[in-house]
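A look at the structure
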Amino acid sequence: MTDRYGVIGHPVAHSKSPVIHQMFARQTGQDISYQAFDVAPEDLESALERFAGEGIRGLNVTVPHKSEISQYVDVLTGRARLAGAVNTIIMRENGKMEGDNTDGVGLVSDLSDDLGFTIEDARILILGAGGAARGIVPALLKDIPANLLVANRTVEKARGIASAFSELGSISACSFDELGEQHFDLVINATSAGLGGEVPPFPTAILDPDTICYDLSYAMADTPFVSWAKKNGASEAYQGWGMLVRQAAESFYLWRDVRPDIHPVRRHLP
Ligand code: ATR
């Protein structure tokens, strides 16, 4: 029998997850279906109950449900609890819903395996301090950067992240203004400003010819942050397509116990 999976978000029509998982399934010979489900925030709890009742085997979770959904699952993995966000739900045989988070591992493997970036001893800046930033901090600290600095428009939120994760490694916080002329090996955009076509007032002095920029967002053309980085002298600037494929591969592995080859799928996307 075909096992059912899907992604829930609002809106969700733009999601590439169905294409990615259908490619993984064909490639590995797994008999699954995968659909996008538009679920409004007020319907989240009842939709989950309905999916569980219908025998769905797993779900990906995207904007805006990643934090909210934590309260409706039965069990959270350690990394989902740390991140305060769930992007993957696994329906266990005993009927329990397990919430996990594969975003951090997706980013780290894209940086190290595809882009050849070494996190160990690197100076890393994260712009933004919302759910997306929280989701990647534990995985980045695990690889022991020299320092992880979180800068945010609302500096209190950046400080909150720095204190929440201080036991995991060297992490600090500041406002955009306080960035001054510090230099970084890697600058990650985790703000959602690009969704509105904007780039916040990041000081261009944070970029030098060796700085790699990475946007957690992705689009068919350059995102506003990637355009900004290229224009202001970053050495390389990437969108989050690689992370998207790799977090999906981790979810697929959690559900099916089979590791898909990410490369043909990655080549299929921009
Ligand atoms: P997500 O789950 O995508 O991280 P979020 O939790 O709402 O969404 O966080 C959005 C992040 O983008 C925050 O860091 C937010 O800054 P504030 O904490 O100051 O609100 C940041 N952000 C969104 N729009 C922005 C803008 N126009 N300028 C600067 N930062 C922005």
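Residues numbered from 1 in each chain as written. Predicted model: local features only at pLDDT ≥ 70, side-chain atom pairs only at ≥ 80, totals over all residues. Heavy atoms only, no water.

**Some words on the domain arrangement of the chain**
Domain annotation of the chain identifies domain 1 (3–101 + 243–268) and domain 2 (104–239). Opposite the 12 residues of domain 1 that make contact, domain 2 presents 18 residues. Both sides of the domain 1 and domain 2 interface together cover about 1,200 Å² of buried area, and 62% of this is carbon and sulfur. If you sort the residues of domain 1 by the area they bury against domain 2, L82, M243 and R246 come out on top, with a joint share of 50%. (Domains from an automatic or database assignment. Contact = heavy atoms within 4.5 Å. Buried area = accessible area lost by both parts, 1.4 Å probe.)

**Some details on helix α4 (residues 103–114)**
Compared with the 16 Å implied by 1.5 Å per residue over 12 residues, the 16 Å span of α4 between its first and last C-alpha is a close match. All buried positions along α4 are accounted for by D103, G104, G106, L107, V108, S109, D110 and L111. In this structure, the buried side of α4 is in contact with α5 (131–142), β10 (186–189), β11 (212–215) and α8 (241–256). Directly after α4, the chain includes G116, whose backbone phi takes a positive value near 65°. (Helix = DSSP H or I, 4+ residues; strand = E, 2+ residues; numbered from the N terminus. Expected span 1.5 Å × (residues − 1). Buried < 20%, exposed > 50% of the residue type's maximum accessible area, 1.4 Å probe, protein only.)

**Remarks on the sheet that holds β10**
On the basis of which strands lie adjacent, the open sheet formed by six strands has the order β9-β8-β7-β10-β11-β12 and parallel pairing. With one partner strand each, in any of the chains shown, β9 (171–174) and β12 (236–238) form the two edges of the open sheet. Along the sheet, successive strands turn relative to each other by an average axial angle of 20°, direction set aside. Relative to strand β8 (residues 147–151), strand β7 (residues 123–127) runs parallel, the two sharing five bridges. Bridging across to β8, I126 finds its partner in V150. With respect to the sheet, helix α6 (residues 155–164) is in contact with β8 and β9, its orientation differing from that of β9 by roughly 175°. (Pairing = 2+ DSSP bridges. Axes fitted to C-alpha atoms, helices over the stretch in contact; angles between N-to-C directions.)

**Focus: the environment of L244**
Within the secondary structure layout, L244 lies in helix α8. For L244, a relative accessible area of 8% corresponds to the buried category. Distance in space between the C-alpha atoms of L244 and T102 is 9.8 Å, their sequence separation being 142 residues. Discounting residues that sit within four places of it in the chain, L244 has contacts with K16, I20 and Y218.

**Considering the side chain of N60**
Within the secondary structure, N60 is located in strand β3 (residues 58–61). Under the relative-accessibility criterion, N60 is labelled buried at 3%. Polar contacts involving the side chain of N60 include one to the side chain of Y34, which spans 2.6 Å. Those residues in contact with N60 that lie beyond four places of it in its chain are G6, V7, I8, H21, Y34, N87, T88, Q247, S251 and W255. (Polar contact = N/O pair within 3.5 Å; in protein donor to acceptor, adjacent residues only side chain to side chain.)

**Focus on the site of the ligand**
Taken together, the neighbourhood of the ligand is formed by 14 residues, with A129, A132, N152, T154 and K157 sitting nearest. Separating an oxygen atom of the ligand from a backbone N or O atom of G131 is a distance of 3.0 Å. N152 places a side-chain nitrogen or oxygen 2.8 Å from an oxygen atom of the ligand. In the complex, the protein chains occlude 72% of the 630 Å² of accessible area that the ligand would expose alone. For the shell around the ligand, the class distribution of residues is four nonpolar, seven polar and three charged. (Near = heavy atom within 4 Å. Areas by Shrake-Rupley, 256 points an atom, 1.4 Å probe, with all protein chains shown as cover. Nonpolar A, V, L, I, M, F, W, Y, C, P; charged D, E, K, R; others polar.)

**Considering the sheet that holds strand β2 (residues 32–38)**
The six strands are arranged β2-β1-β3-β5-β6-β4 in an open sheet whose pairing can be described as mixed. The open sheet is flanked by β2 and β4 (75–76), the only strands paired with a single partner. Across seven bridges, the pairing between strand β1 (residues 3–9) and β2 is parallel. Bridged to Y5 within β2 is Y34.

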